[in-house]
Amino acid sequence: DREVVLTAVQQNGEALRHASAELQADREVVLTAVKQDGEALRFASEELRADREFVLAAVQQQRTRGREPSSSGRHLSFQGGQYHLGARDSFPGALRYSSQHLFGDRDFLLPLFQTLSDKGVGKAFKLASAAMRADKGVVLAAVEKNGLALEHASEELRAAREFVLAVVQRSGMSLQHAPQELRADRE
């Protein structure tokens, strides 16, 4: 019963695990669960976990409620089709279980960076696909929120003098991840 499941997930987002497959694919039910507990996204249908607009809305709902956990520096990895992260981190729970392909989608990453904290942006950019880590616009957006994100940019971009100059103009902290030859360049 949809009403029963909605009531349950309002109280405990983890209750989504016991919902039918049909209700795990219901946008309103899953958003309600994610608002209560971002990690409830792991019980959503694969279709919803791969939906750019839905995952962005879930992250926004989670942050609006102030549920972005504090940082603990725990390791983030992708295994078995899911991101795995310690229980306390600056990466919203809703992203932990989103589809990996979203991290190769420019139209997902750019608005995501605007939503996340600086530490969250650093973690999201680290997970970005190689193509996104070589995309000047994506790298600049990441660096604007977290200067240390340059560390995960493509080697080609990090070696490009003009690009690195543009990056360090946005964030001086980026300099530590520029190649030594650029840091030693007197020009």
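Quantities reported herein were computed from a predicted structural model and do not represent experimental measurements.

Topic: the overall build of the chain
Phase 1: A count of helices and strands for the chain gives 13 helices and two strands.
Phase 2: Expressed as a percentage of its 187 residues, the buried residues of the chain come to 50%.
Phase 3: Across the chain, contacts joining residues at least 24 apart in sequence account for 51% of those joining residues at least 6 apart.

What to know about the pattern of salt bridges
Phase 1: Tallying each qualifying case throughout the model produces 13 salt bridges.
Phase 2: Arg-2 serves as the salt-bridge partner of Glu-28, at 2.6 Å between the closest nitrogen and oxygen. With Glu-28 in helix 3 (residues 27-36) and Arg-2 in helix 1 (residues 2-11), this residue pair connects regions lying 26 residues apart in the sequence.
Phase 3: The exposure class of Glu-28 is partly exposed, given its relative accessible area of 43%.
Phase 4: Arg-161 is the partner of Glu-162 in a salt bridge, and the nearest nitrogen-oxygen pair spans 3.4 Å.
Phase 5: Here Glu-162 falls in the exposed class, since its relative accessible area comes to 56%.
Phase 6: One connected set of salt bridges, linked through shared partners, spans Glu-14, Arg-17, Glu-39, Arg-42 and Arg-96.

Considerations on the packing of aromatic side chains
Phase 1: What the rule picks out here adds up to two aromatic pairs.
Phase 2: Aromatic side chains Phe-103 and Phe-108 sit 5.8 Å apart centroid to centroid with 80° between the ring planes, which places their arrangement in the edge-to-face category. Summarising the burial analysis for this pair, Phe-103 and Phe-108 share the class buried.
Phase 3: Note on Phe-113 and Phe-125: the rings are 6.4 Å apart at their centroids and 70° apart in plane angle, and the pair reads as edge-to-face.

Side note on the nonpolar core
Phase 1: By size, the foremost hydrophobic cluster in this structure holds 49 residues, and its most contacted members are Leu-41, Phe-108, Leu-109, Leu-112, Phe-113 and Phe-125.
Phase 2: Contributions of two or more residues to this core are made by helix 1, helix 3, helix 5 (52-64), helix 6 (93-96), helix 7 (106-115), helix 8 (118-127), helix 10 (136-145) and helix 12 (161-170).
Phase 3: Sorting elements by how many residues they give to this core places helix 10 first, with six residues.
Phase 4: Residues contacting Leu-41, with those up to four places away along its chain left out, are Val-30, Val-34, Arg-49, Phe-54, Val-55, Ala-94, Tyr-97 and Ser-98.

Some remarks on the environment of Ala-58
Phase 1: In this structure, Ala-58 sits in helix 5.
Phase 2: With 31 residues separating them along the chain, Ala-58 and Arg-27 place their C-alpha atoms 9.8 Å apart.
Phase 3: Sequence-distant contacts of Ala-58, that is, excluding residues within four places in its chain, are made with Leu-31, Val-34 and Ala-94.

Brief notes about the confidence of the model for the chain
Phase 1: Here the chain averages 82 in pLDDT, and 82% of its residues register 70 or above.
Phase 2: Low pLDDT (under 50) marks residues 66-79, which in the prediction has 47 contacts with non-local residues, meaning those over four places away or in another chain.
Phase 3: Segment residues 82-89 is flagged for pLDDT under 50; beyond a separation of four residues in sequence, or across chains, it makes 44 contacts in the model.

Examining the side chain of Ser-99
Phase 1: Along the chain, Ser-99 turns up in the loop between helix 6 and helix 7.
Phase 2: Judged by relative accessible area, Ser-99 falls into the buried class, the value being 19%.
Phase 3: Side-chain polar atoms of Ser-99 contact the side chain of His-101, separated by 2.8 Å.
Phase 4: When residues no more than four places from it in sequence are discounted, the contact partners of Ser-99 are Arg-49 and Ala-50.

Details of the side chain of Arg-158
Phase 1: Secondary-structure assignment places Arg-158 in helix 11 (residues 155-159).
Phase 2: In this structure the side chain of Arg-158 is engaged in a polar contact, spanning 2.6 Å, whose partner is the side chain of Glu-155.
Phase 3: Among all residues touching Arg-158, those that are not within four sequence positions of it are Leu-150, Glu-151, Ala-153, Val-164, His-177, Pro-179 and Leu-182.

Comments concerning the packing of helix 8 against helix 10
Phase 1: At a minimum axis separation of 8 Å, helix 8 and helix 10 run at an interaxial angle of 150°. Here helix 8 lies roughly antiparallel to helix 10, going by the angle between them. Two packed elements cross with a definite hand, and for helix 8 against helix 10 that hand is left-handed. Along the contact surface, helix 8 presents Asp-118, Val-121 and Phe-125, while helix 10 presents Val-138, Val-139, Ala-142 and Lys-145.
Phase 2: Split by residue class, the contact of helix 8 with helix 10 holds five nonpolar, no polar and two charged.

Here is what the cut-offs are and how they apply
- Residues numbered from 1 in each chain as written.
- Predicted model: local features only at pLDDT ≥ 70, side-chain atom pairs only at ≥ 80, totals over all residues.
- Heavy atoms only, no water.
- Helix = DSSP H or I, 4+ residues; strand = E, 2+ residues; numbered from the N terminus.
- Buried < 20%, exposed > 50% of the residue type's maximum accessible area, 1.4 Å probe, protein only.
- Contact = heavy atoms within 4.5 Å.
- Salt bridge = Lys/Arg side-chain N within 4 Å of Asp/Glu carboxyl O.
- Phe/Tyr/Trp six-rings, centres within 6.5 Å; stacked < 30°, edge-to-face > 60°.
- Core = buried A, V, L, I, M, F, W, Y, C linked by side-chain atoms within 4.5 Å.
- pLDDT = per-residue confidence, 0-100.
- Polar contact = N/O pair within 3.5 Å; in protein donor to acceptor, adjacent residues only side chain to side chain.
- Axes fitted to C-alpha atoms, helices over the stretch in contact; angles between N-to-C directions.
- Parallel < 35°, antiparallel > 145°, perpendicular 65-115°, else oblique.
- Left-handed = near helix turned anticlockwise from the far one by under 90°.
- Nonpolar A, V, L, I, M, F, W, Y, C, P; charged D, E, K, R; others polar.

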